[in-house]
Structures are given as structure tokens and as C-alpha cells.
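For reference, the chains in residue letters:
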Amino acid sequence: MSDEIPSYPVGDLTGQSPPIDWSAPVKVDVSFVKGKTILVTGGASGIGAGFCKRWASYGANIIMGDISVAAGEDLIRGLRQSTGNPNHHFVEVDISNWESQVRFFQEAVRLSPTGAIDTVVANAGVNIQSE
């Protein structure tokens, strides 16, 4: 039996990005996200908003969900203006509620210009603070 780890090059079949060589300075061709539909939960602020802004600038279609409606709508309005892409959308979602998540995904498929979801970033979290 060989100790070599098998390699299965499925990137071309699945549309995945190529492997990244972390032993050298990372040079990533971000053009592969252009036209892709990316869902981001918890995208109205913080890291999630950073994901949305960066990928929108690379040409991705962003569908963002959050419980913070005003912040989410503001971010999407800004993305549409800065990129000229009308395919950025905000959908209210409460990730602690299963039915809300299902509605979010159904709405995302409806809003996607291709009818597909290419990537999901499960960024939202539930913070419970004890007093």
C-alpha cells in the first residue's frame, strides 16, 4: 500500500478554484467569482460585510441575509451603486430559525440571475450574553 495521498482533480468538473500553495506568496486569480452567486449569512456588518464588499468588487452576485434589516439594505444599496450590478440582494433571515433559513435559500435561488447558488458563507452567529 502506498503512503502517497491520492489526488482527485475535480476543479474543472465542479468549477472550484484551483488549490492554493500556502508555502509561497499567495497569488489568487479572483476572476473565477465573476458572475457567480454567493450567499452570505450575517453579512450586514463585520467580516460578513467584508466578504460581500470584496466579492462584489470582483464581479460576484451577492445575496446577503441578516437580522439587521436597515444595515443589510444599506450595504446592498451601496454595493449596487459601487459595482453597477443590480444582482445584489438583501433577504432578512434569522439563522436561529429553520423556517427562516429555508425561506432565505428559496428566495436566493429565485433572485439569482442564473437560478443557482455557487457558494455559501455561513458567517452568521448567535451570541447569547448572560447578565
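Look above for the structure.
What you are looking at is a predicted structure, and each value in this text was computed from that prediction instead of being measured. (Residues numbered from 1 in each chain as written. Predicted model: local features only at pLDDT ≥ 70, side-chain atom pairs only at ≥ 80, totals over all residues. Heavy atoms only, no water.)

Draft legend 1. Summary view of the overall build of the protein. Scanning the protein from N- to C-terminus turns up four helices and four strands. Secondary structure elements in the protein, listed N-terminal to C-terminal, are α-β-α-β-α-β-α-β. Within the protein, the fraction of its 131 residues that count as buried is 27%. Sequence separation of 24 or more characterises 62% of the internal contacts of the protein that already satisfy a separation of 6 or more. Accessible surface computed for the protein: about 9100 Å², of which carbon and sulfur atoms make up 53%. (Helix = DSSP H or I, 4+ residues; strand = E, 2+ residues; numbered from the N terminus. Buried < 20%, exposed > 50% of the residue type's maximum accessible area, 1.4 Å probe, protein only. Contact = heavy atoms within 4.5 Å. Areas by Shrake-Rupley, 256 points an atom, 1.4 Å probe, with all protein chains shown as cover.)

Draft legend 2. Here's a closer look at the pattern of salt bridges. Inspection of the entire model under this criterion finds two salt bridges. Between Asp74 and Arg77 there is a salt bridge, with its nearest N and O atoms 2.5 Å apart. Taken together, the positions of Asp74 and Arg77, both in helix H3 (residues 69-83) and three residues apart, correspond to about one turn of that helix. By relative accessible area, Arg77 is classed as partly exposed at 44%. (Salt bridge = Lys/Arg side-chain N within 4 Å of Asp/Glu carboxyl O.)

Draft legend 3. Molecular detail of the layout of surface pockets. Roughly 230 Å³ of internal volume is contained in the second largest pocket. Tallied by class, residues from the lining of the second largest pocket come to five nonpolar, six polar and two charged. (1 Å grid on protein atoms, 1.4 Å probe; cavity = no way out; pocket = protein on both sides within 12 Å on 5 of 7 lines; lining within 4 Å. Points joined across faces, edges and corners; volume = space filled by probe spheres on them. Nonpolar A, V, L, I, M, F, W, Y, C, P; charged D, E, K, R; others polar.)

Draft legend 4. Molecular detail of the sheet that holds strand S1 (residues 37-41). Read from one edge to the other, the open sheet built from four strands follows the order S3-S2-S1-S4, with strand pairing classed as parallel. Each edge of the open sheet carries a strand with a single partner, namely strand S3 (89-92) and strand S4 (119-122). Averaged over all neighbouring strand pairs, the angle between strand axes comes to 15 degrees, with direction disregarded. Relative to S4, S1 is paired through four bridges, and the arrangement is parallel. (Pairing = 2+ DSSP bridges. Axes fitted to C-alpha atoms, helices over the stretch in contact; angles between N-to-C directions.)

Draft legend 5. The arrangement of the nonpolar core in detail. Ile38, Cys52, Ile62, Met64, Leu75 and Leu79 are the most contacted members of the largest nonpolar core, which totals 15 residues. Every element with two or more residues in this core is listed here: S1, helix H2 (46-57), strand S2 (61-66) and H3. If near-sequence neighbours (up to four positions away) are discounted, Leu79 is found in contact with Cys52, Lys53, Ala56, Ile62, Gly84 and His88. Formed by seven residues, the second largest nonpolar core is a distinct cluster that contains Ile63, Val91, Val93 and Leu111. (Core = buried A, V, L, I, M, F, W, Y, C linked by side-chain atoms within 4.5 Å.)

Draft legend 6. Here's a closer look at the side chain of Asn85. Within the secondary structure, Asn85 sits in the loop between H3 and S3. Side-chain polar atoms of Asn85 contact the backbone nitrogen of Asn87, separated by 2.7 Å. Setting aside its immediate chain neighbours within four residues, Asn85 contacts Gly59, Ala60, Asn61 and Arg80. (Polar contact = N/O pair within 3.5 Å; in protein donor to acceptor, adjacent residues only side chain to side chain.)

Function cannot be read off these values alone, since they describe shape.
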